[in-house]
Amino acid sequence: MRNRFHLRRMLSLTLAMVMLAVLWVSPAMAAETTVDETDVVDIVLSDDRITVDGEAASKDSKSPVYVGGEIIYYHDQDTYESGNPYGEGTEDEKHSEEEAALHTAVTITKEGTYRISGKLSYGQIVVDLGEDRRTDPSAVVNLILDGADINCTIAPAVIFYNVYESDQAWIAYDNGETEEYTASATQDTTDAGANVILADGSVNNISGSHVARIYKDNDQKKKKYKYDGAFYSVQSMNVNGEKLGTGVLNLTADNEGMDTEMHLTINGGKINIQSQDDGINTNEDGVSVTTINGGSLHVVAGLGSEGDGIDSNGYLVINGGTVISLAKPQSDSGLDSDNGSYINGGYVVATGSTMDWAESDSKQVTMNLQFASSQNAEEAIIVTDLEGKVVFAYDPEKDESSGENYRGYQGAVISSPEFQVGQSYNIYVGGDVNGKEVDGLYDVSTVTGFSKEATKQQYTGTDVGMGGPGGERPEIPDDSQRPALPEDGQRPELPDGEAPGNGEMPDGERPELPDDSQRPALPPDGEMPGANGESSTGQASTVFYMTDKVNAFSGVSDFKASSMFTDVAADAWYADDITNVVKNGWMNGMSSTTFGPNMNLTRGMMATILYRMADSPDVTGDAAFSDVSSDKYYAKAVAWAAKQGIVEGYNDGTFRPNDNMTRGMMVTVLYRMAGSPDITADSGFPDVTSTKYYASATAWAVKQGIVNGYPDGTFKPDTNITRAQTAAILSRNTAN
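Residue positions are counted from 1 within each chain, in the order its sequence is given. Only residues with pLDDT of 70 or above have their local features reported here, since the model is predicted, and side-chain atom pairs are shown and tallied only from 80 upward, although totals for entire chains, interfaces and linings are computed over all residues. Only heavy atoms go into the side-chain values, all of them from the structure, while hydrogens and water stay out.

Considering the overall build of the protein chain
Point 1. Under the scheme used here, helices are H or I runs from DSSP no shorter than 4 residues and strands are E runs no shorter than 2 residues, and both carry numbers assigned from the N terminus. Scanning the protein chain from terminus to terminus reveals ten helices and 40 strands.
Point 2. Put simply, the protein chain has 736 residues, and 58% of those count as buried.
Point 3. Residue-level accessible areas treat just the shown protein chains as cover; the underlying method is Shrake-Rupley with a 1.4 Å probe. If you sum the accessible surface of the protein chain, you get close to 29,500 Å²; carbon and sulfur atoms cover 46% of it. To sort residues, take the accessible area from a 1.4 Å probe on protein chains only and compare it with the maximum for the residue type: under 20% means buried, over 50% means exposed, and anything in between is partly exposed.

Next up, the structure:
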């Protein structure tokens, strides 16, 4: 065998060149496999009688299928009879002869297609065509798992020893026939001799053990055997589904789950792995490639002391399908590879502690998220566009494949075909998603929204090495430490004024806001959350902007207004209220670093905020106001609010969207949005008489605890309302 040190030296000379030259043309994606039934050998398992094509299985080792062969396992011993050390197994990895005697080996020695069904309580499926067949392209075995239930407590439950190796370049190099081997991420395993097919409609339950390192009987401590996975192949292996792709493989492992010593390609079917260590491991250093082209792969790894979700000692390439990979929360990664992990398609959720991040030249937009603290294992990850439309959602609590084995995490890799370069997104953690899901991953075309318990996230950096506290600031002081202002932060007394007509005329003119041609193309309410969501001053941002195919965000944590906006101090009376309205998506900042708490709120802004609070419903037709054109940011909101009877225009047919909102207007629109409930009491304010348009609304708002008066006992209904006051009133309104 080629010296492994020499291999690493040669690889170091070639890997850099290969990485520059890799073309992401995935191998043939055999999402479905069709088998000629006339050539299939049926093996039916049973604890009493194993049959082959209806006849009792042979015990002759020269037969294509026979029972009674040897199972390689770690014996209950420390040394050979010679006195040489036996191996590296712990006491828990040793097995007695009595335990081994319970097991039956079913060995396949001839190429062909074999359908396996039935139950074997203690046993192993072995495929071994002979070591000389590794270079023979005809040495191909297809195992169709069709309702197989196999348990092995001493070794892998299924193992391929000797079949054709599709990577003949490696065989030649390893045998010393060539001087160099060029590792590549595009490994085509179509011709591999080890093939597993999951029959449509079948559920296959495989539970296996492993074999700790056993030495050769000498004093050199050289490896003789070592099989770490419950489902194992020495050569490259393919896993396929049939036409419908509905076959299921449930794999339970006391160590690693599905392993190969060379390459592994998953093309179809549904694979659920629960393992004490790595879920999948392809283990030739610098060489092995794990490729996922289709199907559904669900890994819950690290149920023991450690374990990555998917671990490739070479490359990891995801071209399609669904991949949910949950690693040991304290120490390991959902995706781990030595040469690089590439996400080119499909849906991916990979969580763990530290992450082996997707490489920058992946072909599908991916987010690498490093959280400031450990996340609750049961809480959903939700991604929306800036208009609130859900584009991605995964809820571990709905994940039937994971069962009760929730995985906390601090790092997450998420990828979806819905993500686009140049687009901005919000991320939420927690809450319940309304829509259809399969194993916790939602079909976003069916999602109608999510609950308010979901918490908007922010980040503080775009380098996964940054981490940090996620923009944490001091605790907001209680009311005893705040300025002596009313609870909604109303401003000092200003002269009263009465509005004509329907009472919606404010008492002061506000300069026109820039038209849309002067605004960035982002969801507005007169607010501008920043072109790329990242503050040049290092402030936190809730806008996750996709600058490229792979995007890293660090210091991810629950949103706090004081960590994002330079004009919102942590001890400001309105800090919590601004946090609340921003995380709920009702208001944004005036820029990526400012909220504008003391700026007056305009009528256009208010309509937009109310529209967002109603989850931005579809609107048909334009607003019937001469000064609200369809290209304005507030056009849909004003049209919706007018149709709902929440806002009205002026007698001259205008809406005046850039005029300021007053306190009287604010309580009026909230009152109308609540359905204008009957109210018998008056407000108790001397400047709110019963003839005023806002009289009932003010009385209702006082009763609901939404607003308070000034120290002089007045309400000042015609005073302009600021953005901070708006945030406070909206927070109280929803709370009450």
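Some remarks on the pattern of salt bridges
Point 1. Within this document, salt bridges are pairs made up of a side-chain nitrogen of Lys or Arg and a carboxyl oxygen of Asp or Glu, the two lying within 4 Å of each other. Taken as a whole, this structure holds 13 salt bridges when the rule is applied.
Point 2. A salt bridge links Glu88 to Arg213; the nearest nitrogen and oxygen atoms lie 3.6 Å apart. Of this pair, Glu88 sits in the loop between β4 (65–67) and α2 (97–101) while Arg213 sits in strand β12 (residues 211–215), placing them 125 residues apart in sequence.

A look at empty space enclosed by the protein
Point 1. The rule is simple: put a 1 Å grid over the protein atoms alone, call a set of points where a 1.4 Å probe fits but cannot get out a cavity, call an open set with protein on both sides within 12 Å along at least five of seven lines a pocket, and count a residue as lining if it has an atom within 4 Å of a point. Grid points are joined across faces, edges and corners, and a volume is the space filled by probe spheres set on the points. Applying the stated criterion to the full structure yields three cavities of 30 Å³ or more.
Point 2. Forming the walls of the second largest cavity are Leu326, Val349, Thr351, Ala377, Ile381, Tyr394, Pro396, Arg407 and Tyr409.
Point 3. Each residue gets one of three labels, nonpolar for Ala, Val, Leu, Ile, Met, Phe, Trp, Tyr, Cys and Pro, charged for Asp, Glu, Lys and Arg, and polar for the others, Gly among them. Residues of the lining of the second largest cavity, tallied by class, amount to seven nonpolar, one polar and one charged.

Digging into the packing of aromatic side chains
Point 1. Stacked, tilted and edge-to-face pairs are distinguished by plane angle, under 30 degrees for stacked and over 60 for edge-to-face with tilted covering the rest, among Phe, Tyr and Trp rings (Trp via its six-membered ring) whose centres lie within 6.5 Å. As enumerated under the stated definition, the model contains 24 aromatic pairs in all.
Point 2. Taken together, a centroid distance of 4.9 Å and an interplanar angle of 65 degrees make the contact between Phe544 and Phe553 edge-to-face. Each member of the pair, Phe544 together with Phe553, is buried.
Point 3. Measuring from ring centre to ring centre gives 5.3 Å for Phe625 and Phe655, while their planes differ by 40 degrees; the resulting arrangement is tilted. With Phe625 in the loop between α6 (603–613) and α7 (635–643) and Phe655 in the loop between α7 and α8 (663–673), this pair connects stretches of sequence that are 30 residues apart.
Point 4. What makes Phe625 buried here is its relative accessible area of 14%.
Point 5. Using a relative accessible area of 1% as the deciding quantity, one classes Phe655 as buried.
Point 6. In this structure an aromatic cluster arises from ring pairing among Tyr161, Tyr225, Tyr227 and Tyr232.
Point 7. Only when the NZ of Lys or the CZ of Arg is both within 6 Å of the ring centre and within 35 degrees of the ring normal is a charge said to sit over the ring. When the ring centre of Tyr650 is taken as origin, the NZ or CZ atom of Arg656, which lies over that ring, is 4.0 Å away.
Point 8. Positioned over the ring face of Tyr710 is Lys716, at 5.2 Å from the centre of the ring.

What to know about the side chain of Ser353
Point 1. Here Ser353 lies in the loop between β28 (347–352) and β29 (366–375).
Point 2. Those residues in contact with Ser353 that sit more than four places away from it in its chain are Lys328, Pro329, Gln330, Ser331, Asp332, Gln370, Gln410 and Gly411. Any pair of residues with heavy atoms lying within 4.5 Å of one another is described as a contacting pair.

Some remarks on the packing of helix α5 (residues 575–583) against helix α10 (residues 723–735)
Point 1. Angles run from 0 to 180 degrees between N-to-C directions of axes, and those axes are lines fitted to C-alpha atoms, restricted for helices to the stretch in contact. Where α5 contacts α10, the two axes come as close as 8 Å, and the packing angle between them is 70 degrees. The angle between the axes of α5 and α10 places the two elements in the roughly perpendicular class. Contacts from Asp577, Ile578, Asn580 and Val581 of α5 reach α10 at Ala727, Ala728, Leu730, Ser731 and Thr734.
Point 2. Here the residues of the contact of α5 with α10 are counted per class, giving five nonpolar, three polar and one charged. In this scheme, roughly parallel covers angles under 35 degrees and roughly antiparallel covers those over 145, while 65 to 115 is roughly perpendicular and the rest are oblique.

A look at the nonpolar core
Point 1. Note on terminology: a nonpolar core comprises buried Ala, Val, Leu, Ile, Met, Phe, Trp, Tyr and Cys residues joined through side-chain atoms within 4.5 Å. In this structure, Leu143, Phe160, Phe231, Met258 and Leu297 are the most contacted members of the largest nonpolar core, which totals 79 residues.
Point 2. Setting aside its immediate chain neighbours within four residues, Phe231 contacts Leu145, Val158, Val196, Ile206, Met237, Leu249, Leu251, Gly257, Met258 and Asp259.
Point 3. Grouped together as the second largest cluster of nonpolar side chains are 65 residues, Ile578, Val628, Tyr634 and Val688 included.

Points about a negative patch on the surface
Point 1. Residues qualify for a patch when their relative accessible area is over 30% and they have no salt bridge, like charges being joined within 9 Å and the nonpolar side chains of Val, Leu, Ile, Met, Phe, Trp and Tyr within 5 Å. Here Asp and Glu are counted as negative and Lys and Arg as positive; His is not counted, and neither are the chain ends. Taken as the charge centre is NZ of Lys, CZ of Arg, CG of Asp or CD of Glu, depending on the residue. On the surface, a cluster of negative charge is contributed by Glu378, Glu379, Glu397, Glu404, Asp432, Glu453 and Asp558.
Point 2. Structurally, Glu404 can be placed in the loop between β31 (390–394) and β32 (409–415).
Point 3. Relative accessible area serves as the criterion here: at 67%, Glu404 is assigned to the exposed category.

Describing the environment of Ile171
Point 1. By secondary structure assignment, the location of Ile171 is in helix α3 (residues 168–174).
Point 2. We classify Ile171 as buried; its relative accessible area is 11%.
Point 3. In this structure, the C-alpha to C-alpha distance between Ile171 and Thr135, residues 36 residues apart in sequence, is 7.9 Å.
Point 4. Contact partners of Ile171, with chain neighbours within four places excluded, come to Thr135 and Glu165.

A closer look at the sheet that holds strand β7 (residues 123–128)
Point 1. Note on pairing: two strands pair once DSSP finds at least 2 bridges between them. Read from one edge to the other, the open sheet built from nine strands follows the order β4-β5-β7-β9-β14-β17-β20-β23-β26, with strand pairing classed as mixed. The sheet terminates laterally at β4 and β26 (335–337), the two strands that pair on one side only. The average undirected angle you get between the axes of adjacent strands in this sheet is 15 degrees.
Point 2. Of the strand pairs in this sheet, strand β14 (residues 229–233) and strand β17 (residues 256–260) are connected by four bridges, and their pairing is parallel. Residue Tyr232 lies in a different strand from β17, and its bridge partner there is Asp259.

A closer look at α7
Point 1. Of all the residues in α7, the buried ones are Ala635, Ala637, Val638, Ala639, Trp640 and Ala641.
Point 2. Buried-residue contacts for α7 involve α6 and α8.
Point 3. Remark: Gly645 follows α7 within two positions and exhibits a positive phi of approximately 75 degrees.

Digging into the environment of Leu244
Point 1. Relative to the elements of secondary structure, Leu244 occurs in the loop between β15 (237–241) and β16 (248–253).
Point 2. Taking relative accessible area as the criterion, Leu244 reaches 64% and is therefore assigned exposed.
Point 3. In this structure the C-alpha to C-alpha distance between Leu244 and Ala199, which are 45 residues apart in sequence, comes to 9.0 Å.

Focus on the pairing of strand β5 (residues 104–108)
Point 1. Taking burial as the measure, the five residues of β5 include four buried ones, the bulk of the element.
Point 2. As defined by bridge partners, β4 adjoins β5 across three bridges and the pair is classed as antiparallel. Each bridged residue has a counterpart across the sheet, and for Val67 the counterpart in β5 is Val106.
Point 3. Pairing analysis gives five bridges linking β5 to β7, with the strands arranged parallel. Paired with Thr107 across the two strands is Val126, which belongs to β7.

With respect to the packing of α6 against α10
Point 1. Two elements in contact, α6 and α10, have axes separated by 13 Å at closest approach and are oriented at 25 degrees. As judged from the angle between their axes, α6 and α10 are roughly parallel. You can see that α6 and α10 cross each other, and the crossing is right-handed. Residue-level inspection shows Met605, Met606, Ile609 and Met613 of α6 in contact with α10, the latter providing Arg723, Thr726, Leu730, Asn733 and Thr734. Left-handed describes a crossing whose near helix is turned anticlockwise from the far helix through less than a right angle; right-handed describes the clockwise counterpart.

Considering the environment of Ala155
Point 1. Within the secondary structure, Ala155 sits in the loop between β8 (141–151) and β9 (158–162).
Point 2. Separated by 75 residues in sequence, Ala155 and Ala230 have C-alpha atoms that sit 7.0 Å apart.
Point 3. If we ignore the near neighbours within four places in the chain, the residues touching Ala155 are Ile71, Ile72, Gln124, Gly208, Ser209, His210 and Val211.

Let's talk about α8
Point 1. For α8, the buried fraction is high: ten of the eleven residues fall into the buried class.
Point 2. Where α8 is concerned, the buried positions are Arg663, Gly664, Met665, Met666, Val667, Thr668, Val669, Leu670, Tyr671 and Arg672.
Point 3. The inward-facing, buried residues of α8 contact α6, α9 (695–703) and α10.

Here's the deal with unusual backbone geometry
Point 1. Unlike most non-glycine residues, Asp439 shows phi in positive territory, near 50 degrees.
Point 2. Its place among the elements puts Asp439 in the loop between β35 (437–438) and β36 (441–442).
Point 3. Classification of Asp439 by relative accessible area gives buried; the value is 9%.
Point 4. One non-glycine residue with positive phi stands out, namely Asp615, at about 70 degrees.
Point 5. Among the structural elements, Asp615 can be located in the loop between α6 and α7.

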